Amino acid sequence: MLIIKDIYNLQTYLNAYRDKGYSIGYVPTMGALHEGHRSLIEKSCNDNQKTIISIFINEKQFNDAQDFEAYPRNKGDDYNFCDKHNVDIIFEPSAEEIYPKEYKSIQNSHFKNILCDQYRPGHFDGVVNVLNRLFNIIESNKVYFGEKDFQQLKIVENLIKENFPNLKLVPVSTVRSTEGIALSSRNSKLSKKQMTDFISFQKEVIQFITHLDKKADLIEANKKAEEFIKSYEKFDYFEFRNATNLSLEGSLVEARLFYAIYKSSVRLIDNIRL
Ligand code: AMP
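Residues numbered from 1 in each chain as written. Predicted model: local features only at pLDDT ≥ 70, side-chain atom pairs only at ≥ 80, totals over all residues. Heavy atoms only, no water.

Novice: Explain the pattern of salt bridges here, please?
Specialist: Where side chains of opposite charge bring their charged atoms close, a pairing between them can arise. What the rule picks out here adds up to 16 salt bridges. The partner of Asp88 in a salt bridge is Lys50, with the nearest N and O atoms 3.7 Å apart. Of this pair, Asp88 sits in the loop between helix H4 (75-84) and strand E4 (89-91) while Lys50 sits in strand E3 (residues 50-55), placing them 38 residues apart in sequence. Judged on exposure class, the residue Asp88 and its partner Lys50 are both buried. Of the charged contacts in the structure, one is a salt bridge between Asp236 and Arg267, with a shortest N-O distance of 2.9 Å. (Salt bridge = Lys/Arg side-chain N within 4 Å of Asp/Glu carboxyl O. Helix = DSSP H or I, 4+ residues; strand = E, 2+ residues; numbered from the N terminus. Buried < 20%, exposed > 50% of the residue type's maximum accessible area, 1.4 Å probe, protein only.)

Novice: Would you take a moment to explain the sheet that holds strand E5 (residues 142-146) for this structure?
Specialist: Strand pairs in the sheet, formed through backbone hydrogen bonds, run parallel or antiparallel to each other. The strand order across the open sheet formed by six strands is E1-E4-E3-E2-E5-E6, and the pairing between neighbours is parallel. At either margin of the open sheet sits one strand with a lone partner, and together these are strand E1 (2-4) and strand E6 (168-172). Going across the sheet, the axis of each strand differs from the next one's by a mean of 25°, ignoring polarity. Where E1 meets E4, three bridges bridge the pair, whose relative direction is parallel. Its bridge partner lying in E4, Leu2 is registered against Ile89. Here helix H7 (residues 123-138) sits on the sheet and contacts strand E2 (24-29), E3, E4 and E5; the angle it forms with E2, its principal contact strand, is near 155°. (Pairing = 2+ DSSP bridges. Axes fitted to C-alpha atoms, helices over the stretch in contact; angles between N-to-C directions. Contact = heavy atoms within 4.5 Å.)

Novice: Even after reading the chapter, I still don't get the packing of H7 against helix H8 (residues 150-163), so can you show me in this structure?
Specialist: The angle between the axes and the distance between the axes are what describe a pair of packed helices. Between H7 and H8, the shortest axis-to-axis distance is 11 Å and the interhelical angle comes to 45°. If you check the angle between H7 and H8, you find them oblique. Like other packed secondary-structure pairs, H7 and H8 cross with a definite hand, here right-handed. Only Gln151, Gln152, Ile155, Val156, Leu159, Ile160 and Asn163 of H8 make contact with H7, whose side of the interface consists of Phe124, Val127, Val128, Leu131, Asn132 and Phe135. (Parallel < 35°, antiparallel > 145°, perpendicular 65-115°, else oblique. Left-handed = near helix turned anticlockwise from the far one by under 90°.)

Novice: Honestly, the packing of aromatic side chains in this entry has me stumped. Any pointers?
Specialist: Within a pair of aromatic rings, the relevant descriptors are the distance that separates the centres and the angle that separates the planes. Scanning the entire structure with this criterion turns up 19 aromatic pairs. Seen in terms of ring centroids, Phe201 and Phe238 are 6.5 Å apart; in terms of plane orientation they differ by 65°. Their pairing is edge-to-face. Taken as a pair, Phe201 in helix H9 (residues 192-210) and Phe238 in strand E7 (residues 235-242) lie far apart in primary sequence, 37 residues in all. By the burial criterion, Phe201 is buried, and Phe238 matches it. Arranged with centres 5.3 Å apart and planes meeting at 80°, the rings of Phe201 and Tyr259 form a pair that is edge-to-face. Of the two residues, Phe201 sits in helix H9 while Tyr259 sits in strand E8 (residues 255-263), which places them 58 residues apart along the sequence. Taking relative accessible area as the criterion, Phe201 reaches 3% and is therefore assigned buried. Its relative accessible area of 0% is what places Tyr259 among the buried residues. The structure contains a cluster of three or more aromatic residues connected by ring pairs, namely Phe201, Phe208, Phe228, Tyr232, Phe238, Phe240 and Tyr259. Sitting over the ring of Tyr99, Lys60 keeps its end group 4.6 Å from the ring centre. Cation over ring: Lys234 sits above Tyr262, and NZ or CZ is 4.0 Å from the ring centre. (Phe/Tyr/Trp six-rings, centres within 6.5 Å; stacked < 30°, edge-to-face > 60°. Lys NZ or Arg CZ within 6 Å of the ring centre and 35° of its normal.)

The following block contains the structure:
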């Protein structure tokens, strides 16, 4: 396994792969790797001859400086994790490598002012900037994204449609713990008590959605969702949306439940298919 920090070296290796006719799968991450990331890596290794993963904590997508500082980092463990799971290249660039002085920013224009875009202004601009740059540098055949970050997945779908016609996006289902919570790098920031509370919350959410009439329209269902979430502490959103276009139209059959809640200062997001 190679650990590469600069674009020139990276492209030398990637070009050598391409010369040999190898297909390249790419998994973008911010590190602190877990079984959710593993699922993306495994899928890429099954689909391609070579798999590259990037580890880059993209400051531009943090609308809160403290959140950026507090984001979990565990370099050595990540290297071992990738090695164990057959990654060929780890690309771990510096911010200067990704955003040189002459870099021109782009903006996201999709799925604006809803869900995470409403509560983390500028977050998805940061996401599309880093991905636009990484996709241009790596030029993989396929790229793997988790459904865990569903709004991000939809935005990336549009970015690829508009700018990278030769790149194939592969969505990967959310990996959950046995108790049902979505695995996330941020889970490591929870205390034991917060984790127990979060697991009970998730169980109650599942109970709540299993008892709903799946034919109900989203307006009706969201009134019930509002009632349900009232008694819980801090949250940004907790609502059903159409899984195709993230609108509030249609019935529960074609929806997902989206939430962003806080356990102290840790913000946790999930989306659940009905
Ligand atoms: P992150 O390192 O959090 O930026 O995530 C990198 C990629 O892993 C994104 O495409 C995420 O959607 C995906 N991912 C994170 N957690 C999970 C999970 N529990 N199941 C599946 N994919 C995940």
